[in-house]
Amino acid sequence: MRCLIVRFKDCEGPGTLLDSLQARNYRITYHNAYDERVHIVPAAHQMFDLVVFLGGPQTVHDPNQHKFFKPWLELASHLVSMKDKKVIGICLGSQILATVLGAKVYEGEKGPEVGFSDVKLVNPSNPAFSKLNGTSNFPAFHLHEDVFEIPKGADHLLQGSFYSNQMFGYENRVFGIQCHLEVTENMLGVWKNVHSEFIKKAGWIPGPETEDLRSQMERAGRALFEGILDL
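Conventions we followed
- Counting restarts for each chain, with residues numbered from 1 along the sequence as it is written.
- Local features in this predicted model are restricted to residues whose pLDDT is 70 or higher, and side-chain atom pairs enter the listing and the counts only when it is 80 or higher, whereas totals over whole chains, interfaces and linings include all residues.
- Side-chain numbers here rest on the full set of heavy atoms in the structure, without hydrogens or water.
- The helix count covers DSSP runs of H or I at least four residues long, the strand count covers runs of E at least two residues long, and both are numbered beginning at the N terminus.
- Accessibility here uses a 1.4 Å probe with only protein chains present; expressed as a share of the type maximum, an area under 20% marks a residue as buried, one over 50% as exposed, and anything in between as partly exposed.
- The criterion used for residue contact is that any of the two residues' heavy atoms lie within 4.5 Å.
- Under the convention used throughout, the expected extent of a helix is 1.5 Å for every residue step, that is, one less than its residue count.
- In protein, a polar contact requires one atom able to donate a hydrogen and another able to accept it; more generally it is a pair of N or O atoms within 3.5 Å, and residues adjacent in sequence count only if both atoms are side-chain atoms.
- Simply put, an axis is a line fit to the C-alpha atoms, just over the touching stretch for a helix, and the angle between two N-to-C directions goes from 0 to 180 degrees.
- By definition in this entry, angles of less than 35 degrees are roughly parallel, angles greater than 145 are roughly antiparallel, angles of 65 to 115 are roughly perpendicular, and the rest are oblique.
- A crossing counts as left-handed when the near helix is turned anticlockwise from the far one by less than a right angle, and as right-handed when that turn is clockwise.
- Residue classes follow a fixed rule: Ala, Val, Leu, Ile, Met, Phe, Trp, Tyr, Cys and Pro count as nonpolar, while Asp, Glu, Lys and Arg count as charged, and any other residue, Gly among them, counts as polar.
- When DSSP finds at least two bridges between two strands, those strands are taken to pair.

The protein chain appears in an unreviewed UniProt entry as Type 1 glutamine amidotransferase from Leptospira selangorensis.

Below, the structure written as structure tokens:
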């Protein structure tokens, strides 16, 4: 099994998702979309069984960024149309998937959502949740301002209190996750510095409970990723 991981910022990696991929013996290829010197692998939609689109600071609904997003929207569109392919989009990646599925992506009216807050399983019986062992809600880390509508024909899977649409699934093989469930302790430390201005804008002040919340999220996130990969 082959997996392509598309990164849109150098500090945004697969985090805990990588462990689940390696445990299933995926052969992993990385592509740094932010490096304009590197071009996408030709016919990537045919070469990989799974494609993961990660997060980044770009804005998929900005007309001025259309040229940048064109190859990624085309790749995502091909993957969605191929019934034997699996796709996971996280944060910006989820907005790319929502776009190609015909849903609106836009700047959230409430402003940035940053920090930890609970997400709730909308339909606990969905097979993506099979390894969560009855968990109905868990903490998730949020670092975004853009949001998506749930695409037509997709299932609303995770719901948040600040912005409701936190995850959707399409045909049990295309999954868009707005929140970050992949964040390791080291990643969060880096993000606090790299995204300090955005965090300040949102008014999030990390407290002593931060690592406990992240640890709870990691357990649930790993279970969710494993459930998706085993579908």
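Trainee: Residue-level account of the environment of I28, with values.
Mentor: Tracing the backbone shows I28 in strand β2 (residues 27-32). Judged by relative accessible area, I28 falls into the partly exposed class, the value being 25%. In sequence terms I28 and C3 are 25 residues apart; their C-alpha atoms lie 4.8 Å from each other. In this structure I28 touches C3, I5, L18, L21 and Q22, once residues within four positions along its chain are discounted.

Trainee: Any details on helix α7 (residues 210-229)? Residues and values, ideally.
Mentor: Under the 1.5 Å per step criterion, the end-to-end length of α7 is 28 Å for 20 residues, consistent within 8% with the ideal 28 Å. Taken together, the buried positions of α7 are occupied by T210, R214, M217, E218, A220, G221, A223, L224, F225, G227, I228 and L229.

Trainee: Give a detailed account of the side chain of Q95, specifying residues and quantitative values.
Mentor: Relative to the helices and strands, Q95 is located in helix α4 (residues 92-100). Of note is the side chain of Q95, whose polar atom sits 3.1 Å from the side chain of Q178. With sequence-adjacent residues up to four places away left out, Q95 is seen in contact with V60, V105, D146, V147, F148 and Q178.

Trainee: Outline α4, supporting the account with residue identities and numerical values.
Mentor: When you tally the buried positions in α4, you get 7 out of 9 residues, the bulk of the element. All of the buried residues along α4 are L92, G93, S94, Q95, I96, L97 and A98. Phi for G102, located one or two positions after α4, is positive at around 90°.

Trainee: Before we move on, can you summarise the packing of helix α1 (residues 16-23) against α7 with the specific residues and values?
Mentor: The axes of two packed helices give the description: the angle between them and the distance between them. Interaxial distance between α1 and α7 falls to 9 Å at its minimum, and their mutual angle equals 40°. Looking at the two axes, α1 sits oblique to α7. At the point where α1 passes α7, the crossing takes the right-handed sense. Here α1 contributes T16, L17, D19, S20 and L21 to the contact with α7, which in turn contributes E218, R222, F225, E226 and L229. Residue composition of the contact of α1 with α7, grouped by class: 4 nonpolar, 2 polar and 4 charged.

Trainee: Please give an account of the pairing of strand β9 (residues 155-160) that cites residues and values.
Mentor: Both strand β6 (residues 113-121) and β9 contribute to a ladder of 3 bridges, which runs antiparallel. Along β9, the bridge assignment pairs K120 with Q159. Sheet analysis places β9 next to strand β10 (residues 165-170), joined by 4 bridges and oriented antiparallel. Bridge assignment links Q159 to a residue of β10, and that residue is N165. Between β9 and β10, which follow one another and run antiparallel, lie 4 residues.

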